[in-house]
Amino acid sequence: MSAPYSWLEDALTTIHRADWYRSVQPIQGRAGAVVQMNGQPVINFASNDYLGLAGDDRLMQAAIAAVQEFGTGSTGSRLVSGHRDLHDQLERAIAALKQTEAALVFSSGYLANLGTVSALVGKRDLILSDQYNHSSLKQGAILSGGTVLDYPHGDVAQVRQLLEQHRDRYRRCLLITDSVFSMDGDLCPLPALLDLAETFDAMLLVDEAHATGVLGATGAGCVEHFGCTGRAIVQVGTLSKALGSLGGYVAGSATLIDYLRNRAAGFIYTTGLSPADTAAALAAVAIVQQESDRRRQLWQNVTTLKQALSQQFGGNTDLKIQLLPSESPILCLQVASPAIVLRLGKQLCQSGIFAPAIRPPTVPTSRLRLTLMATHTSKHIEQFVIALNQLARKTQSGDFQ
Ligand SMILES: *Cc1c(COP(=O)(O)O)cnc(C)c1O
């Protein structure tokens, strides 16, 4: 008798053995800086809701109004029956935020990357990709059928060398990078990459998923932060992090957007973003532009936590926890093994702190990944630091290996 699925059990056993096993953990209550877990309130350092908009009344009311007016589903591809004026409004708002000619909304950030990379690149082309890029960029690169060369994280000299060595043998070339790296919190060397792209006649795509609404004077992202607004960049991002909704986008020249509308399979062959998600995102873009205080508060919180953590865990310390360098609201505490980070995450949870353990294969080394929100209070941050210090002392005394 054949057992064509029996390998699944074996595969799961292997995953368990490596401490790589993952399962979902329900949270209860409205999205925010404090959520409920197992019926207990926990301070939430695990969400990408940087500005605290996912639980904002104005986004919720916008979504409710859109559902009441248009219904729940978009009912078809944007190119067939699923396009509404609301989508146009959102695309215009995103283009205005990014100061680009146009924008195109996708049903998720993941799809925006798959669709865009695979539409811009073909078999005769070259992709240079940062080794720490998000899965959606990596999968998009594979899907494109082009030649993909990974470069060491943030290594501009290597990018130059690869371009010198290989650029001539390919028709088109695309550099792809996260702008804020999602599992480390550091930034890509954008101005240097842009200069190289121009020198070597290459396109540059940056994924602003963790930067939109967070970085730059008006919240336009890393491109604005580095003073690169208006330059020839393909900007991809998500509506589901600081914008508190669901969906993705590409912003750039009108020609680029027109091309993608015709060639990006991830736009063409999927149902348009729902009215509720579209309306919520539209409300969020307005708030990003009008309420810069939220951004200021977010960065104040980043500074507060970073100072507290770098005193304890920065530089040379004999503790087994180390703060990784970051220039964003993503702060990571690296530890020695998956087992340790799992235990640390669990113990923090018992102290009322939700800080997720991130392990291989998502990242090369295990770490606690904290994300700050504009709506965290100084008390929330203080409680975290106290809880972590208590656990770290246990580590030092050897209980926590
Ligand atoms: C979250 C994320 C995405 C995917 O966005 P979704 O809208 O959640 O699909 C893409 N790129 C990066 C860097 C991300 O962090």
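Residues numbered from 1 in each chain as written. Predicted model: local features only at pLDDT ≥ 70, side-chain atom pairs only at ≥ 80, totals over all residues. Heavy atoms only, no water.

## Overview of the domain arrangement of the chain
Counted only if it meets this: Start and end points for every domain follow an automatic or database-based domain assignment. Residue contacts are counted whenever heavy atoms from the two residues lie within 4.5 Å of one another. In this description, buried area is defined as the sum, over both parts, of the accessible area (probe of 1.4 Å) that is lost when the two are combined. Each salt bridge in this description consists of a side-chain nitrogen of Lys or Arg and a carboxyl oxygen of Asp or Glu lying within 4 Å of one another.
As far as domains go, the chain holds domain 1 (24–55 + 292–397) and domain 2 (57–290). For domain 1 versus domain 2, the distance between C-alpha centres works out to 27 Å. Counting residues at the interface gives 27 residues for domain 1 and 28 residues for domain 2. Of the roughly 2,100 Å² buried where domain 1 meets domain 2, counting both sides, 56% is carbon and sulfur surface. Together, Leu53, Arg295 and Glu327 form the three largest contributors to the area buried by domain 1 at its contact with domain 2, with a combined 28%. There are two salt bridges connecting domain 1 and domain 2. Two residues, aspartate 57 and arginine 30, come together in a salt bridge whose shortest N-O distance is 3.2 Å.

## Things to note about helix α2 (residues 57–70)
Operational definition: Numbering of helices and strands runs from the N terminus, with a helix taken as a DSSP run of H or I at least four residues long and a strand as a DSSP run of E at least two residues long. Helix span, as expected, comes to 1.5 Å for every residue beyond the first. Relative accessibility thresholds used throughout: buried, under 20% of the residue-type maximum; exposed, over 50%; partly exposed, between the two (1.4 Å probe, protein chains only). The arc under discussion is defined with respect to the helix axis, by the directions toward the C-beta atoms. Under the rule applied, a polar contact is a pair of N or O atoms within 3.5 Å (in protein, one hydrogen donor and one hydrogen acceptor; residues adjacent in sequence only if both atoms are side-chain atoms).
In this model, α2 (14 residues) spans 20 Å end to end at C-alpha, consistent with the 20 Å of a helix rising 1.5 Å per residue. Along α2, the residues classified as buried are Leu59, Ala63 and Ala66. Projected down its long axis, α2 carries its buried residues within an arc of 65 degrees, all on one side. Residues of α2 that are exposed and angled more than 90 degrees away from the buried face: Gln68 and Glu69. Two to three positions downstream of the cap, the backbone nitrogen of arginine 58 sits 2.8 Å from a side-chain oxygen, assigning the N-cap of α2 to aspartate 56. Glycine 71 sits one or two residues past α2 and shows a positive phi near 95 degrees.

## Remarks on the site of the ligand
Threshold: Proximity is defined per residue: any heavy atom of the residue falling within 4 Å of a molecule or strand makes that residue near it. Surface accessibility follows the Shrake-Rupley procedure with a 1.4 Å probe radius. Residue values consider only the protein chains on display as shielding. Here the term charged refers only to Asp, Glu, Lys and Arg, the term nonpolar to Ala, Val, Leu, Ile, Met, Phe, Trp, Tyr, Cys and Pro, and the term polar to all other amino acids, Gly among them.
What surrounds the ligand is a group of 15 residues, the closest being Gly109, Asp207, His210, Thr238 and Lys241. One of the backbone N or O atoms of tyrosine 110 is found 2.9 Å from an oxygen atom in the ligand. At a separation of 2.5 Å, an oxygen atom of the ligand approaches a polar side-chain atom of lysine 241. In the complex, the protein chains occlude 85% of the 380 Å² of accessible area that the ligand would expose alone. When residues of the shell around the ligand are assigned to their parent elements, the largest contribution, three residues, is made by helix α4 (residues 109–120). Considered class by class, the residues forming the shell around the ligand number two nonpolar, ten polar and three charged.

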